[in-house]
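Notes for the structure review
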Amino acid sequence: MSAGTHDTGSTDNWDWGAVADFMPHFWDGVLVTLQVLALGSLISFSLGLVWALAFRAPTRLVRWPVGLLTEFVRNTPLLVQLFFLFFVLPEWNIQFSAETTGTLAIGLHYSTYTAQVYRAGIDAVPVGQWEAAKALSLSYRRTWTAVILPQAVRRVVPALGNYVIAMLKDTPLLAGIGVLELLQRSRLEAAQTFQYTEALTVVGVAFILIAYPSSLLLRALERRLVR
Amino acid sequence: MTAGLWEHWVLPGIWITVQLTLYSAALATAVAFGVGMARTHRSRLVRFFAAFYTEVFRGTSALVLMFWIFFVLPQLAGWALVPMWAAVLALGLSYGAYGAEVVRGALNAVAPAQREAGVALSFTPWQRMRLILLPQAVPEMIPSFCNLLVELLKGTALVSLLGIGDVSFAAYLVRLATTESAQIYSITLIIYFVLAFLLTRGMKVLERRAKAGIGQFPEPLSTGGWLRFRRSDAKSPELSSTGVTGGGASR
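Residues numbered from 1 in each chain as written. Chains lettered and ligands numbered in written order. Predicted model: local features only at pLDDT ≥ 70, side-chain atom pairs only at ≥ 80, totals over all residues. Heavy atoms only, no water.

Per an unreviewed UniProt entry, chain B goes by Ectoine/hydroxyectoine ABC transporter permease subunit EhuC and derives from Streptomyces longispororuber. In UniProt, chain B has this text filed under Subcellular location (unreviewed entry): "Cell membrane". Comment text from UniProt for chain B, heading Sequence similarities (unreviewed entry), reads "Belongs to the binding-protein-dependent transport system permease family." (UniProt positions renumbered as here; feature names shortened; annotations may be inferred.)

Per an unreviewed UniProt entry, chain A goes by Ectoine/hydroxyectoine ABC transporter permease subunit EhuD and derives from Streptomyces longispororuber. Check the Subcellular location (unreviewed entry) section of the UniProt entry for chain A; it says "Cell membrane". The record held by UniProt for chain A lists under Sequence similarities (unreviewed entry) the comment "Belongs to the binding-protein-dependent transport system permease family."

Within chain A one finds 8 helices and 0 strands. Along the chain direction, N to C, the helices and strands of chain A fall in the order α-α-α-α-α-α-α-α. Looking at chain A alone, contacts between residues at least 24 apart form 76% of all its contacts between residues at least 6 apart. In the form shown here, chain A has an accessible surface area of approximately 10,800 Å², with 65% of it arising from carbon and sulfur atoms. (Helix = DSSP H or I, 4+ residues; strand = E, 2+ residues; numbered from the N terminus. Contact = heavy atoms within 4.5 Å. Areas by Shrake-Rupley, 256 points an atom, 1.4 Å probe, with all protein chains shown as cover.)

The partner chain B presents 59 residues to the 59 residues of chain A that form the contact. Counting each side, the surface lost to burial between chain A and chain B is near 5,300 Å², with a carbon and sulfur contribution of 68%. Our enumeration of links across chain A and chain B arrives at 1 salt bridge. Of the charged contacts in the structure, one is a salt bridge between B:Glu55 and A:Arg219, with a shortest N-O distance of 3.6 Å. In this assembly, chain A and chain B are joined by 10 residue pairs in polar contact (both at pLDDT 80 or more). Elements with a minimum of two residues in the side of chain A that touches chain B: α2 (60–74), α3 (78–91), α4 (98–123), α6 (140–170), α7 (182–193) and α8 (196–225) of chain A. A per-element tally of the side of chain A that touches chain B places α8(A) first, with 13 residues. Considering only residue class, the side of chain A that touches chain B consists of 33 nonpolar, 16 polar and 10 charged. (Buried area = accessible area lost by both parts, 1.4 Å probe. Salt bridge = Lys/Arg side-chain N within 4 Å of Asp/Glu carboxyl O. Polar contact = N/O pair within 3.5 Å; in protein donor to acceptor, adjacent residues only side chain to side chain. Nonpolar A, V, L, I, M, F, W, Y, C, P; charged D, E, K, R; others polar.)

A separate point is the UniProt feature "transmembrane region" (unreviewed entry) in chain B. The residues that UniProt annotates with the feature "transmembrane region" (unreviewed entry) are residues 12–36, 48–71, 77–98, 157–176 and 182–199 of chain B. Regarding residues 12–36 of chain B, the helix share stands at 100% and the strand share at 0%, and the terminal C-alpha atoms are separated by 35 Å.

Attention shifts here to the UniProt feature "transmembrane region" (unreviewed entry) in chain A. All names here are of chain A. Per the UniProt entry, the sites bearing "transmembrane region" (unreviewed entry) are residues 32–54 and 199–221 in this numbering. Helix and strand shares over residues 32–54 are 100% and 0% respectively, and the end C-alpha atoms of the span are 32 Å apart. From the first C-alpha to the last, residues 199–221 spans 33 Å; its make-up is 100% helix and 0% strand.

Below, the discussion takes up the packing of aromatic side chains. Given two aromatic rings, one states the distance between the centres and the angle between the planes to describe the pair. Evaluation of the coordinates by the stated rule reveals 23 aromatic pairs over all chains. Here the aromatic rings of A:Phe84 and A:Trp92 are separated by 6.5 Å at their centres, their planes lie at 75°, and the arrangement is edge-to-face. Taking the relative accessible area as the measure of exposure, A:Trp92 reaches 51% and is therefore exposed. Between A:Phe87 and B:Tyr185, the aromatic rings sit 6.0 Å apart at their centres with planes inclined by 20°, giving stacked as the arrangement. Separated into two different chains, A:Phe87 in helix α3 and B:Tyr185 in helix α8 (residues 181–213) make up a pair that spans both. Taking the relative accessible area as the measure of exposure, A:Phe87 reaches 14% and is therefore buried. Chaining the aromatic ring pairs together yields one cluster made of A:Phe83, A:Phe86, A:Phe87, B:Tyr172 and B:Tyr185. (Phe/Tyr/Trp six-rings, centres within 6.5 Å; stacked < 30°, edge-to-face > 60°. Buried < 20%, exposed > 50% of the residue type's maximum accessible area, 1.4 Å probe, protein only.)

Among the secondary structure elements, B:Thr54 is positioned in helix α2 (residues 44–59). When residues no more than four places from it in sequence are discounted, the contact partners of B:Thr54 are B:Val35, B:Arg39, B:Gly59, B:Ala97, B:Ala100 and B:Glu101.

All names here are of chain A. On the surface, a cluster of nonpolar side chains totalling about 370 Å² of accessible area is made up of Trp 92, Ile 94, Phe 96 and Leu 104. With respect to the helices and strands, the residue Ile 94 is situated in the loop between α3 and α4. Here Ile 94 falls in the partly exposed class, since its relative accessible area comes to 33%. (Patch = residues over 30% accessible without salt bridge, like charges linked within 9 Å, V, L, I, M, F, W, Y side chains within 5 Å.)

Residues and elements named next belong to chain B. This prediction gives chain B a mean pLDDT of 85; 86% of its residues lie at or above 70. The model gives residues 223–228 a pLDDT under 50, and that stretch makes 7 contacts with residues more than four places away or in other chains. Counting contacts from residues 231–237, a segment whose pLDDT is below 50, to residues more than four positions away or on other chains yields 11 contacts. (pLDDT = per-residue confidence, 0-100.)

Negative phi is the rule for most residues except glycine; trans is the rule for most peptide bonds. The phi torsion at A:Ser137 lies on the positive side, around 45°, for a residue other than glycine. Here A:Ser137 lies in the loop between α5 (127–135) and α6. On the basis of relative accessibility, which here comes to 61%, the residue A:Ser137 falls in the exposed class. Even without being glycine, B:Ser122 reaches a positive phi, approximately 50°. Relative to the assigned elements, B:Ser122 resides in the loop between α5 (112–120) and α6 (125–155).

What follows is about the nonpolar core. Residues and elements named next belong to chain B. By size, the foremost hydrophobic cluster in this structure holds 126 residues, and its most contacted members are Leu 107, Met 141, Phe 145 and Tyr 185. The biggest single contributor to this core is helix α4 (residues 83–109), with 15 residues. The contacts of Phe 145, once residues within four sequence positions are left out, are Ala 32, Phe 33, Gly 99, Val 102, Val 103 and Met 203. (Core = buried A, V, L, I, M, F, W, Y, C linked by side-chain atoms within 4.5 Å.)

Dropping the structure here:
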């Protein structure tokens, strides 16, 4: 790789004009990133709960395959899963846009993390609660929806929030399949103007500016929700 | 898939992935201990810079950081790193920031009486760290480091987007050559899974050794079931948010 500095005429390597040019694309990218993040979170929260309930299923025929599947997804790279879905689904005649595929992949990947969070939350519900539900002869469904889950979910909200932040920082992977999120926008901008510095730096700083306050917020939330 | 593809792309790809993981893990460990110990330093200034480092590198996306080191650093600094080392630098710096939180947490978890005993015996701060705190803290760090190591292994796949010939990049080339996606991508996922499994087993052995060294004996290896091979038991680290803000890295 050649290392020549790109001189824009001034002695300064930083060009505010390039930043200004990038801003409209930047906001479009923010929109796509947040969209992926919101839908991906929804998928991972709901699918994770399904896995967590399946971990406690009465039969091994459910527990083992689900355990194997979630461990497999959790221990393999999101990027490769992304390419898998992106290239393999069309071969099975399932056509999704790149953005939909990316959202599904990120939701699926993180559902295996949220499943562990839910599981820890469910395990943390005292045994007495299960026994009380049984003593009141609540049905299986009522035990879960009225007794266990309300107590478990409250406890896990901050931890789930952390995975939302983690998901945010994994959205740039979607650039790999051409989704026009933040990183891809900056790459396109750089490819057009040959000015890599500004667009990439703006995107990098943007991630810190979103992620850091969010993590502070979550810590405050955790102090309030968890005892 | 032909033997040629396997021999020329996939196998060297696995080797690159392993190398990337090992080098980045070495850098990340050094950063983690340096910054983590700095976060317990007496001087407020040192603590501030260490905290600043962790928040910046945990705050940004590893992939964006990698692109930045790859494309922007050469323009600002006037020199460029070989792609492989740029990737190692990006991975090591960002996962080192996650590791620093682990080190800090484990150091703070050592009983305060131990530190006070060190003061009473007029140990210097460095002697306290080296002889009292670290030997007790390190075994506690290993389960979290194990999780981070698997996250790091998964993170190495990002380098394929920079054109470094790791196993993900090999998969991409093989897909182009054979036009069969399902086969090569399934194989690739299994390769990563096996690597993660080996790393986890290795770390479990290391944990047992380290704990035995300070007179603790965790449960034998076989319990817990092989399916749940990453630590998610014990004090349910999933419920603590302090370390989880990163690339899916559970503390």
